Protein chains: 2
Amino acid sequence: MLTTLPVTPSTSAPTALRILRLATAIAITTTLFGTASTQSRADEGMWLYNQPPAESLRQKYGFEITRDWLEHLQKASVRFMSGGSGSIVSEDGLVLSNHHVGADAIQKLSTAERDLLRDGFQARSTAEELPCKDLELNVLIEIQDVTDRVNAAVPANLPAEQAATARRAVLAEIEQESLQQTGLRSDVVTLFQGGAYHLYRYKRYTDVRLVFAPEQSIAFFGGDPDNFEYPRYCLDVAFFRAYEDGKPAKTPHFLRWSADGAREGELVFVSGHPGRTSRLLTVAELEYLRDRAFPELLDRLFREEVNLLAWSGRNTENARRAKDELLNIQNSRKARLGGLAGLQDPTFFARIASAEADFRRRLADSPDFEAARTAYDRIAAAQKTIGEHALPYRSLEAAWAFRGELFSIARTLLRAGDESPKPSRDRLREFRDSNRTSLELALFSTQPIHADLETVLLADSLTHLTVRFGATHPLVQTVLAGKSPRARAAELVAGTRVGNPDFRRRIYEGGAAAATAAADPMIELARAIDAEARRVRQIMEEQDEIKQQAHAAIAKARFALQGSNSYPDATFTLRLTHGVVKGYSENGQSIPAFTDFAGLYARAEAQGGQPPFDLPGNWIQRRRKLNPDTPFNFVSTVDIIGGNSGSPTVNRAGEFVGIIFDGNLSSLVLDFAFDDVQARALSVDSRGILEALRRIYDARPLVDELTGRRRIRR
Amino acid sequence: MLTTLPVTPSTSAPTALRILRLATAIAITTTLFGTASTQSRADEGMWLYNQPPAESLRQKYGFEITRDWLEHLQKASVRFMSGGSGSIVSEDGLVLSNHHVGADAIQKLSTAERDLLRDGFQARSTAEELPCKDLELNVLIEIQDVTDRVNAAVPANLPAEQAATARRAVLAEIEQESLQQTGLRSDVVTLFQGGAYHLYRYKRYTDVRLVFAPEQSIAFFGGDPDNFEYPRYCLDVAFFRAYEDGKPAKTPHFLRWSADGAREGELVFVSGHPGRTSRLLTVAELEYLRDRAFPELLDRLFREEVNLLAWSGRNTENARRAKDELLNIQNSRKARLGGLAGLQDPTFFARIASAEADFRRRLADSPDFEAARTAYDRIAAAQKTIGEHALPYRSLEAAWAFRGELFSIARTLLRAGDESPKPSRDRLREFRDSNRTSLELALFSTQPIHADLETVLLADSLTHLTVRFGATHPLVQTVLAGKSPRARAAELVAGTRVGNPDFRRRIYEGGAAAATAAADPMIELARAIDAEARRVRQIMEEQDEIKQQAHAAIAKARFALQGSNSYPDATFTLRLTHGVVKGYSENGQSIPAFTDFAGLYARAEAQGGQPPFDLPGNWIQRRRKLNPDTPFNFVSTVDIIGGNSGSPTVNRAGEFVGIIFDGNLSSLVLDFAFDDVQARALSVDSRGILEALRRIYDARPLVDELTGRRRIRR
């Protein structure tokens, strides 16, 4: 599963609650840029839409990329702010993504009596479509290069603290201006780790409704055991519809459905939102990932996975409540283990280190690059400082110590009260005017919050806080207030009212005074640690600033020495990547590019049909109706990473031939360097989707809309 | 599940491979003794058989404990060297324990085609009984107090290193002498953390055969989710038979089966082998457990649980291979989390700390206890040193970095070659003559070893070694030999021959020269780290010696001030404990003492019969044959801990009324202090066992043997 949780508060544009909480899952707090070769070999590259690889496509594939082709694909591409990608597949706002990208939204629509995540859902008409609680979709409309304006606002040689403040201010100013001028969501994106700044303007959809979801057992057939493996057999799709003014949105840019799908060897493109890569990091930063960030994150993931599994096992309703969170954790765990394996491979690491050493020798040979020459040491020093503050940063600001929804909500209420009186540009990024819509969408969500699950998550994270700081640490004593972690968690969850959206609205509108007057125990907990949390956040932002400046110097030198025909690390913004449909070899075995329905049934039988290899009832009863040879999933060499989940795979004609839903195990090192020997991107085939919709689900209206035979009445 | 893995190499008498490997699961390396009140309140106490609580039984229950009663119970009690307890239940060597205690042996008898762990087993005659691969049972014959002789051999004021050597030597000498004189297994046990030394002589059975095991789904109904919970519904039993000279052993001391079981409020006794408690530790030692030992062990358990779950999920044969190990890990994880919760409870911890402070004030008031007064600081200093070497000790000597069977075997071969030329008393404890039988039983076991599982375990532990020491540490570089952890693990497992028992025998008999000549990669790995492993082991043994002396001084003062009517911390040796059958209250709910079969079926239905709440086919088909009101499991206030699994619960008449198989969640703090408000021991009821054997399993021969209607022909 290639969802992403890519943004740290300081380096991107989070949408408050959900993303903030999710961000903690990887809050690795190292900013970026480095040494990888930029003139990409093979089909490497997560290319910017305003700097597409036109020349190499022409040379290698004889493909002429046109402005119209690009614009059409761009405007048919969708970002799911919950952490994935999607595409528009009808002119009436129909949006396709992965089931696992939509799972968060589907979970929030489910109840003990009606488990849509498990049982699936199908709207037979727009009237039956279910409004999601807090799902935000973005469609990229425009990119502007604002590098010069940003750099001009940050004078050279300013101390890091002041530079960070100045940079924050100019970014806020640009975003605010753009919002006022266009009404579009406006995010300034830091590219090349500080080498460039681009303003991204998005159309934003906040009224999004669920149209179709299959049963989770077929969407995620094989579950965690088969995740990141291949061959695979997953109908990992879900359909939503974007609405405007209460009506299906008009979406002239949409992808036509290919009835023929892709074939072996064919050139394909993927348009989506890779979350975060680390290909341009320095060796010092990669060492930090290898030795600290990945292991510490993994320790947390192991612990939380076991905690949720044990709790889920007690009864089926527990399992339902914890399911989505559990899948996120398992997915991150498997992805990070794969990444760590790459970093711990001495050969792999040596290759990266040697590329950096080569480049630094080239810098040393020229008198022009003093700033770049010294940049490496500055980055290493900043990384060291980051490491020294990582524990309190993660525990408090990234809230690893306070897991669950309630603490995040409480802190948002507290900080909204403190931040809103300030001018927008002086606020913490997530509270700026430009982010208000997203913030409020998340904050006032009526998603179900389960006190029992919250207690289990909070008790576990407080236990770990106590371990990491020590039981007698003043911070721990403040947080626990003389109770055991379990007792304190129970007391906080039972006592807080922030689970109630009406209460939230009242406090939010009443500002700091209302937050104080409420005397809510969870808000008071957030307050008790807020000074320290803000302090470490500021340290991290200063170090980020130092690293950004250093990376910008390296980028400048690299552009001078190697040309500017390159792509930046992923930033959960729209990128174009390409490759070919192609099988591979593993342990001497040849693995074909395509799987089919026959393979699905064979795998289920081999596993005795036990979860997670159980098939939904309809898939068993209607097996004979399916053409067993229909292509179901396929692999290609496109360059993808977490966040690309749900991205459309299209052919030269820009037609939809598949939807990205995963990478294989070998692809997990794509974080650090491209590879197309064994690394593969996994798609669900357009033909398999149609066949299943027709034969298993009798989803006639949906099929007709996808094939252009039906329009939606407004 | 109350199995135990209690012994560190330096403080007890491990049987080489299995116990060494198991010991790593808790190798907490803190020796013991402290401050708890010794005049036990309520029914507290894990009493020595040579110091039973005769007076309090008389006063409180009017029960007169006799020498014969005690001897009979002692000689009908069995220690499973794989980590649990049991009892003899017929005069023909029939031994009853828990299914989960026998699971290791049952797993080793299972294959992909014949999964006895899952499907159960029943021998209809002795001819059908299955010889276990390496199961050792012990029956305690005699105890001798050798404290004076041990202390006389260790002159006061000897430096720790020499004192440790002298103590090791005298213990070896006593054991060797006893072995030669009696032919019995002879272990000197350190009691009161050094306050006393007793020689335990055991009859040893190494030809043990499987007679009956139910399906694991009913033995461990509810699995990990219901583990340590109550109410429960588990048929957690397995029957073995001890053989001598190829014939069923004659066992005149056996427990008669009570057809009436126990009733609410009745006095019951438990005779078993509690593994390890920490009730006499000093605050400094408990802080170490709270802040270091438990969290670090838990981190490992979380990681390994996730690793095995993920691997098990890939296919059913993986799941079968990993099952027993996975259950051990899950069980330890849940037990340790419960213990940590107790230690992190400020009220609970303060109670222990305040008892220590009180006692130290009493010491200060008297001029007689100088050694005891200063002992606390010596223990704290030793604990600090232990903490400083904990990482290399655990990683190398306790082999956390080299999980799986193969490394343990390789190291045993290497060390056997190096140790056997030395006089027995100078060898590492597990290689002394007195331990030879156990060592060879384990070493030449024909248990199946699965290369794929070994690789998965080793890769994970090498990954973690790399994380903890850092990728560039010389030790890591030595171990990995330029490979990634995964590649290195695959290479080692593929290259070693120690999985072959014939190879092992050849190397073992050929000694050090053969081990060298073999050039086996796993043996060479063991060799590469052996100097460092031995070095840290020696440091730990010295610190243990310092702590033992200090604890002995405290014990002496305690006996003087409080009388000697007390019991030592558990040491995986036979203890007698008593209590009453009694329900309890939890969260305002009253929980009755007994469950019945009707409750079993209700719980299965509430969980939709999904694993781990699925019932075996016979239990579904024959439901109507069972009397639904038959008592199935019950709780009592007896004082038990890990290692007591399988202990018989007997009534005043010494009849078998149940078998201990678990404690509830509240009992998990019994490690540190007794409690009978909510803490309960769980037994399977003698009536439920008989009813199931009769109605579900048609186990007529077994029932007749249990009820005295049938003798086995020799």
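Residues numbered from 1 in each chain as written. Chains lettered and ligands numbered in written order. Predicted model: local features only at pLDDT ≥ 70, side-chain atom pairs only at ≥ 80, totals over all residues. Heavy atoms only, no water.

**Some thoughts on the environment of A:Gly688**
Residue and element names in this part refer to chain A. As for its position among the elements, Gly688 is in helix α24 (residues 686-695). Placed 614 residues apart in sequence, Gly688 and Gln74 show a C-alpha to C-alpha distance of 25 Å. For Gly688, the contacting residues outside a window of four places in its chain are Phe597, Thr630 and Pro631. (Helix = DSSP H or I, 4+ residues; strand = E, 2+ residues; numbered from the N terminus. Contact = heavy atoms within 4.5 Å.)

**Examining the side chain of A:Asp115**
Residues and elements named next belong to chain A. One can find Asp115 in the loop between α4 (99-108) and α5 (116-119). Look at Asp115: it is buried, it has no salt bridge, and the nearest opposite charge is Arg118 at 4.2 Å. Looking at Asp115, its side chain comes within polar contact range of the main-chain nitrogen of Arg118, at 3.1 Å. For Asp115, the residues in contact, after removing those within four places along its chain, are Ser110, Gly120 and Arg320. (Buried < 20%, exposed > 50% of the residue type's maximum accessible area, 1.4 Å probe, protein only. Lys, Arg positive; Asp, Glu negative; His and termini not counted. Salt bridge = Lys/Arg side-chain N within 4 Å of Asp/Glu carboxyl O. Polar contact = N/O pair within 3.5 Å; in protein donor to acceptor, adjacent residues only side chain to side chain.)

**Details of the interface of chain B and chain A**
Many structure descriptions define interface size as the accessible area lost when the parts assemble. The partner chain A presents 41 residues to the 41 residues of chain B that form the contact. Between chain B and chain A, a total of about 3200 Å² is buried, with carbon and sulfur atoms accounting for 59% of that surface. The largest share of the area that chain B buries against chain A comes from B:Val306, B:Arg314 and B:Gln344, three residues that together contribute 20% of it. At the junction of chain B and chain A, the tally comes to four salt bridges. Between B:Glu229 and A:Arg314 there is a salt bridge; the shortest N-O distance is 3.5 Å. If you look at where chain B meets chain A, you find 11 residue pairs in polar contact (both at pLDDT 80 or more). Listing elements by their share of the side of chain B that touches chain A, those giving two or more residues are α9 (223-226), α10 (283-314), α11 (316-343), α17 (451-469) and α19 (485-495) of chain B. Ranked by the residues each element gives to the side of chain B that touches chain A, the list is headed by α10(B), at 12 residues. Partitioned by chemical class, the residues of the side of chain B that touches chain A number 15 nonpolar, 12 polar and 14 charged. (Buried area = accessible area lost by both parts, 1.4 Å probe. Nonpolar A, V, L, I, M, F, W, Y, C, P; charged D, E, K, R; others polar.)

**A look at the pairing of strand β3 (residues 84-88) of chain B**
Residues and elements named next belong to chain B. Burial analysis of β3 places five of its five residues in the buried class, the great majority of the element. Neither face of β3 is exposed, since Gly84, Gly86 and Ile88 on one face and Ser85 and Ser87 on the opposite face are all buried. Two elements, strand β2 (residues 77-80) and β3, share four bridges in a ladder whose sense is antiparallel. Paired with Ser77 across the two strands is Ser87, which belongs to β3. Adjacent in sequence and paired antiparallel, β2 and β3 are bridged by three residues, among which Gly83 carries a positive phi angle near 125 degrees. Note: β3 against strand β4 (residues 94-97), two bridges, orientation antiparallel. Counted as the bridge partner of Ser87 is Leu96 from β4. Hairpin connection from β3 to β4: five residues lie between these consecutive antiparallel strands, with Gly93 at a positive phi of about 80 degrees. (Pairing = 2+ DSSP bridges.)

**Comments concerning the sheet that holds strand β17 (residues 594-596) of chain A**
Strand pairs in the sheet, formed through backbone hydrogen bonds, run parallel or antiparallel to each other. Residues and elements named next belong to chain A. Pairing is antiparallel in the open sheet, where eight strands are placed in the order β1-β14-β13-β19-β20-β21-β18-β17. In this open sheet, the two edge strands, each paired with only one partner strand, are β1 (47-48) and β17. With respect to the sheet, helix α22 (residues 597-606) is in contact with β17 and β18 (631-636), its orientation differing from that of β17 by roughly 70 degrees. (Axes fitted to C-alpha atoms, helices over the stretch in contact; angles between N-to-C directions.)

**Focus on the packing of α17(B) against α19(B)**
Residues and elements named next belong to chain B. Here α17 crosses α19 at 140 degrees, and the two axes come no closer than 8 Å. By the angle between their directions, the pair α17 and α19 is classed as oblique. For the pair α17 and α19, the sense of crossing is right-handed. In this structure, α17 contributes Ala451, Glu454, Thr455, Leu458, Ala459, Leu462, Thr463 and Thr466 to the contact, and α19 contributes Pro485, Arg486, Arg488, Ala489, Ala490, Leu492 and Val493. (Parallel < 35°, antiparallel > 145°, perpendicular 65-115°, else oblique. Left-handed = near helix turned anticlockwise from the far one by under 90°.)

**Focus on the relation of the copies chain B and chain A**
Overlaying chain B with chain A gives an RMSD of 0.0 Å, the required rotation being 180 degrees about an axis along which the chain moves by 0.0 Å. What the superposition gives is, in effect, a two-fold axis relating one chain to the other. The position closest to the rotation axis in chain B is occupied by the C-alpha of B:Phe302, lying 2.7 Å away. (Least-squares fit on C-alpha atoms with pLDDT ≥ 70 in both.)

**As for the pattern of salt bridges**
Side chains bearing opposite charge may pair, as long as their charged atoms lie close to each other. All names here are of chain B. Enumeration over the complete set of coordinates arrives at 146 salt bridges over all chains. For Lys108, the salt bridge identified is with Asp104, shortest N-O distance 3.3 Å. Taken together, the residues Lys108 and Asp104, both in helix α4 (residues 99-108) and four residues apart, mark about one turn of the helix. The pair Lys108 / Asp104 is uniform in exposure class, with both members buried. One salt bridge in this structure joins Arg303 and Asp460, with 2.9 Å as the shortest N-O distance. Here Arg303 is found in helix α10, whereas its partner Asp460 is found in helix α17, with 157 residues between them in sequence.

**What to know about helix α21 (residues 521-562) of chain B**
Residue pairs spaced three or four apart in an α-helix point in one direction, given the helix's 3.6 residues per turn. Residue and element names in this part refer to chain B. The principal kink in α21, of about 50 degrees, is found at Asp530. Where α21 begins, the side chain of Asp520 points an oxygen toward the backbone nitrogen of Met522, at a separation of 3.0 Å. One or two steps after α21, the chain reaches Gly563, where phi turns positive at roughly 85 degrees. (Bend = angle between axes of the 7 residues up to and from the residue.)

**Things to note about the packing of helix α10 (residues 283-314) of chain A against helix α12 (residues 346-365) of chain A**
Pairs of packed helices are described in terms of their axes, by the angle between the two and the distance that separates them. All names here are of chain A. Look at α10 against α12: their axes get within 10 Å of each other, and the N-to-C directions meet at 160 degrees. With respect to α12, the axis of α10 lies roughly antiparallel. The residues of α12 that touch α10, namely those facing Val283, Leu286, Glu287 and Arg290, are Phe349, Ile352, Ala353 and Glu356. In terms of residue class, the contact of α10 with α12 is built from five nonpolar, no polar and three charged.

**Some points on the side chain of A:Gln543**
When you line up the elements, A:Gln543 lands in helix α21 (residues 521-562). Leave out the neighbours within four places in its chain, and A:Gln543 touches A:Ala382, A:Thr385 and A:Ile386.

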